[in-house]
Amino acid sequence: MSHRILIEPQRVDAPLTSSATFLVLTINDGDEATSMVKSTLASVADLTKNVAIRDSSASFAVTAGIGSRVWDRITDVPRPVELRPFKELKGAKHLAVSTPGDLLFHIRSERRDLNFEFERQLMDALGESVTLIDETVGFRYFDVRDLLGFVDGTANPVGPAVDDSVFIAEEDTEAAGGSYVVVQKYVHDMKTWKSMSTEQQESIIGRTKLENVELDDAPEGKQQSHKSLATIEDDDGNEFGILRDNMPFGSPGSKEFGTYFIGYSRRLWVIEKMLERMYVGNPPGLHDRILDYSTPLTGTTFFVPSATMLASLE
Ligand code: HEM
């Protein structure tokens, strides 16, 4: 007789929403902090229920990620095969910084108040065990546009392709049902971006602005668009997708205009390869021109364990 262990993933594949909070924390020293964090992580599903029930139409979902530095402190489970810190990446012109972060909470729904309430209950539960590194509140901007004015998220996998690009399976059984996630908080130089023609902007992104139609790839050896540099294929032409849930954030009053990049993947190397092609360029020297108008303030990698594993942490 065969028996199957059911592994339930976290809601990594939750739909795009109109509001999201990205919370990055470090864990303070000491055993007390460790046990508080473990018990809070184990209760994320219950905390989620507390809030989700209050408006079932709001698509409330949370994913929690754990950073490389604290993996062995927080869990007894072997390290996911690819889990490592975000590596600083230096191109000829642009730098992808690596910044601290032991825990990531990606909180999303159609309602800012639900996200706020969850974060409040979460921070109550974590008490003095953590230090805030970054808290960014993102909003949906028109028809899923980023603040550069382009529709963002189009090429995301859909249907069965989602599981295949996002969830670890037989290649790392201890980590099955989990995903890697990379975040980078970008701010844009809107003045310079806006000084360009729509055609120039479109060739940087690789899609038309109004209608969101894909442009052809540039010939090999020439300057590639963001879309082309972020497309990863193996020698047989198989494409490795990732799931992005980028959100605009900012404050016109303080002239802050940003994109919070978040990418989930079954394979961390795929996101690392995208970053290398963007920052170093392909061929090297021809970096992603989006970076001439966008500066990353953070860069951090986490592992999002399955919900089953998260619940077992206590
Ligand atoms: C595509 C914006 C950073 C990975 C796109 C598209 C836009 C966009 C407008 C085209 C529409 C779409 O398919 O979503 C941005 C902005 C960024 C940013 C504003 C930050 C300033 C990144 C980073 C990565 C990334 C850091 C990966 C490490 C991708 C991928 C695609 C894409 C995989 C789809 C490529 C394809 O067509 O297959 N991005 N992006 N993006 N971006 Fe970004």
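In the nomenclature of an unreviewed UniProt entry, the protein chain corresponds to Dyp-type peroxidase from the organism Paraphaeosphaeria sporulosa. You can read under Cofactor (unreviewed entry) in the UniProt record for the protein chain the words "heme b". In its Sequence similarities (unreviewed entry) section, the UniProt entry covering the protein chain states "Belongs to the DyP-type peroxidase family."

A. Quick peek at the overall build of the protein chain. Per the secondary structure count, the protein chain includes 10 helices and 12 strands. Compactness check: the protein chain gives a C-alpha radius of gyration of 19 Å against a globular reference of 20 Å for 314 residues, within 12% of the reference. For the protein chain, the spread of C-alpha atoms along the three principal axes comes to 55 × 50 × 40 Å. A total of 314 residues make up the protein chain; the buried ones form 52% of that total.

B. Structural detail: the UniProt feature "domain: Dyp-type peroxidase C-terminal" (unreviewed entry) in the protein chain. Those places that UniProt annotates as "domain: Dyp-type peroxidase C-terminal" (unreviewed entry) correspond, in this numbering, to residues 144-307. From the first C-alpha to the last, residues 144-307 spans 28 Å; its make-up is 23% helix and 21% strand.

C. The site of the ligand, seen in detail. Residues in close proximity to the ligand total 27 residues, the closest being G153, T154, A155, H226 and R244. One nitrogen or oxygen atom from the main chain of T154 is found 3.0 Å from an oxygen atom belonging to the ligand. Take H226: an N or O atom from its side chain is 2.9 Å from a nitrogen atom of the ligand. Elements with a minimum of two residues in the shell around the ligand: strand 7 (179-188), helix 8 (226-229), strand 10 (256-265) and helix 9 (268-279). Ranked by the residues each element gives to the shell around the ligand, the list is headed by helix 9, at 4 residues. When the residues that make up the shell around the ligand are grouped by side-chain class, the tally is 13 nonpolar, 8 polar and 6 charged.

D. Here's a closer look at a nonpolar patch on the surface. Judged by side-chain polarity, F139, Y141 and F142 come together as a nonpolar surface patch covering roughly 310 Å² of accessible area. Given the relative accessible area of 66%, F142 is considered exposed.

E. Quick look at the nonpolar core. Core analysis: the biggest nonpolar cluster contains 59 residues, and L41, L103, F105 and W193 have the highest contact counts within it. The element contributing the most residues to this core is helix 9, with 7 residues. Core analysis: the second largest hydrophobic core is formed by 18 residues, V12, A20, V166 and V183 among them.

F. Molecular detail of the coordination of the iron atom of the ligand. Counting protein donors around the iron atom of the ligand gives one, H226 (NE2), at 2.1 Å. Mapped onto the elements of the fold, H226 is located in helix 8.

G. Focus on the packing of helix 2 (residues 44-52) against helix 4 (residues 112-126). Contact geometry for helix 2 and helix 4: axes closest at 10 Å, N-to-C directions at 140°. One element, helix 2, and the other, helix 4, form an angle in the oblique class. Seen along the crossing, helix 2 lies across helix 4 with a hand that is right-handed. Residues V44, L47, T48, N50 and V51 of helix 2 pack against L114, E117, F118, Q121 and L122 of helix 4. Here the contact of helix 2 with helix 4 is composed, by residue class, of 6 nonpolar, 3 polar and 1 charged.

H. Examining the side chain of Q224 more closely. You can see Q224 is positioned in the loop between helix 7 (198-205) and helix 8. Note on Q224: relative accessible area 10%, which makes it buried. When near neighbours in sequence (up to four residues on either side) are disregarded, Q224 contacts A218, P219, L229 and N282.

I. Spotlight on the UniProt feature "domain: Dyp-type peroxidase N-terminal" (unreviewed entry) in the protein chain. UniProt's entry tags residues 13-140 with the feature "domain: Dyp-type peroxidase N-terminal" (unreviewed entry), counted in the numbering of this structure. As a span, residues 13-140 carries 31% helix and 28% strand, and end to end its C-alpha atoms are 17 Å apart.

J. Main features of the environment of L148. Along the chain, the position of L148 falls in the loop between strand 6 (130-139) and helix 5 (160-166). Residue L148 is classed as buried on the basis of its relative accessible area, which comes to 4%. Setting aside chain neighbours within four positions, we find L148 in contact with H188, M190, W193, Q201, K209 and I290.

K. The pattern of salt bridges, seen in detail. By the definition in use, this model includes 22 salt bridges. A salt bridge links R84 to E82, with the nearest nitrogen and oxygen atoms 3.6 Å apart. A residue is classified by how much of its surface remains accessible, and E82, at 14% relative accessible area, is buried. Two residues, K227 and E214, come together in a salt bridge whose shortest N-O distance is 3.5 Å. Here the residue K227 occupies a position in helix 8, and E214 occupies one in the loop between helix 7 and helix 8, the gap between them amounting to 13 residues.

Calculation criteria
- Throughout, a residue's number is its position along its own chain's written sequence, starting from 1.
- This being a predicted model, a pLDDT of at least 70 is required before a residue's local features are given, and a value of 80 or more before pairs of side-chain atoms are given or counted; all residues contribute to the totals for chains, interfaces and linings.
- Hydrogens are left out, water is left out, and the side-chain values use all remaining heavy atoms of the structure.
- UniProt positions are given in the numbering used here, feature names are shortened, and annotations may be inferred rather than shown by experiment.
- A helix here means a DSSP run of H or I that spans at least four residues, while a strand means a run of E at least two residues long, and both kinds are numbered starting from the N terminus.
- As defined in this context, the radius of gyration uses C-alpha atoms, and a globule is described by 2.2 Å times the residue total to the power 0.38.
- For the exposure calls, accessible area comes from a 1.4 Å probe over protein chains only, and a residue counts as buried if that area is under 20% of its type's maximum, exposed if over 50%, partly exposed in between.
- The near set for a molecule or strand comprises every residue that places at least one heavy atom within 4 Å of it.
- We call two N or O atoms a polar contact when they sit within 3.5 Å, provided that within protein one can donate a hydrogen and the other can accept it, with sequence-adjacent residues counted only if both atoms are side-chain atoms.
- Ten residues, namely Ala, Val, Leu, Ile, Met, Phe, Trp, Tyr, Cys and Pro, are considered nonpolar, four, namely Asp, Glu, Lys and Arg, are considered charged, and the remaining ones, Gly among them, are considered polar.
- Here, patches come from residues exposed beyond 30% relative accessible area and free of salt bridges, joined within 9 Å for like charges and within 5 Å for nonpolar side chains (Val, Leu, Ile, Met, Phe, Trp, Tyr).
- Working definition of accessibility: Shrake-Rupley area with a 1.4 Å probe, residue cover restricted to the visible protein chains.
- One speaks of a salt bridge when a side-chain nitrogen belonging to Lys or Arg is within 4 Å of a carboxyl oxygen belonging to Asp or Glu.
- Working definition of a nonpolar core: buried Ala, Val, Leu, Ile, Met, Phe, Trp, Tyr and Cys residues. They are joined through side-chain atoms within 4.5 Å.
- Each metal site lists N, O and S donors within 2.8 Å (3.2 Å for Na, K and Ca). With water left out of the atoms, a site can look as if it is missing ligands.
- Orientation is described by axes fitted as lines to C-alpha atoms, over the contacting stretch for helices, and by angles from 0 to 180 degrees between their N-to-C directions.
- Here roughly perpendicular refers to angles of 65 to 115 degrees, roughly parallel to angles under 35, roughly antiparallel to angles over 145, and oblique to all remaining angles.
- Crossing chirality is assigned from the near helix's rotation relative to the far helix, an anticlockwise turn below a right angle marking it left-handed and a clockwise turn marking it right-handed.
- Contacts are residue-level and defined by heavy atoms, with any inter-residue pair within 4.5 Å sufficient.

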